[in-house]
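Understanding the architecture of this molecule
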Amino acid sequence: MASLMNVFDVLLQLPGMEAPDLTFTEQMAQSWEDAGFMRWPLGLCLLVGILVIIWKFFDIFRKSASTRRILREVDELLSAQQIKEALEVTRESNSPAANILHAGLERQEEGTDRVMKAIENQGLIELSKLESGLVVLATLTNVAPLLGFLGTVMGMIAAFQAIELAGEVDATTVASGIKIALTTTAAGLAIAIPVSIAHNYFVSRIDHLVIDMEESAQKMIDALFSMQAGQAAGGD
């Protein structure tokens, strides 16, 4: 860390590399200009990341709230052995939990094996819906730093080309290329870090949703099995 600070101090002493007294908005505008051509793909990564994060946050929040409500209602109805009412509740909702439980309740007269198979198949479909958008965030987490490193290479190439044209090494000659290299690297990492955090947060929330739905599905199977066993005993 100390060595990095020393390098930073040396760079600030180069002509054209001094830290100007700018506002935050002016600093962002200056960084945008300093990034060179790579500001466009990096800016696109930032825009896509923000839009996907906002959409995914509200999507998971909505599905979590509806899942908790549906699971509570269905558990109460199954405890009272009200199968038709539970089937109607799940039919009227489009939440992941409702779709999974509805698939199982529709086949409750075909035996627990068919119920379990239907739940597994519908669960895979709902899981793929819950995970939609995560591949975009995972891709941005990998691509943004690579674009930053590409900008670093392009900046160093520009610096060496300036040295070649000038025929001598001068701080002002290489300052522009070094600025591009540092700016793009920082921008790539600044995009990837929050996107990675958001991706892991969404994965964690989805895992919790899946666990809740699995527990509720198991309760439903147990309730149906108990009802079938009771009906069989009553028939005997």
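Look up a bit, the structure's there.
Please read all numbers here as calculations on a predicted model, not as lab measurements. (Residues numbered from 1 in each chain as written. Predicted model: local features only at pLDDT ≥ 70, side-chain atom pairs only at ≥ 80, totals over all residues. Heavy atoms only, no water.)

**Observations regarding the pattern of salt bridges**
The full count for this structure, using the stated rule, is seven salt bridges. The partner of Glu 73 in a salt bridge is Arg 69, and the shortest N-O contact between them spans 3.5 Å. Of this pair, Glu 73 and Arg 69 both sit in helix α3 (residues 39-79), four residues apart, which is roughly one turn of the helix. Owing to a relative accessible area of 27%, Glu 73 belongs among the partly exposed residues under this scheme. In this structure, the salt-bridge partner of Lys 129 is Glu 126, at a minimum N-O distance of 3.8 Å. (Salt bridge = Lys/Arg side-chain N within 4 Å of Asp/Glu carboxyl O. Helix = DSSP H or I, 4+ residues; strand = E, 2+ residues; numbered from the N terminus. Buried < 20%, exposed > 50% of the residue type's maximum accessible area, 1.4 Å probe, protein only.)

**Digging into a nonpolar patch on the surface**
The grouping of Leu 46, Ile 50, Ile 54, Phe 57, Phe 58 and Tyr 201 at the surface amounts to a nonpolar patch, some 580 Å² of accessible area in total. Broken down by element, the nonpolar patch gets its largest block of residues, five residues, from α3. Within the element layout of this structure, Tyr 201 appears in helix α8 (residues 171-235). (Patch = residues over 30% accessible without salt bridge, like charges linked within 9 Å, V, L, I, M, F, W, Y side chains within 5 Å. Areas by Shrake-Rupley, 256 points an atom, 1.4 Å probe, with all protein chains shown as cover.)

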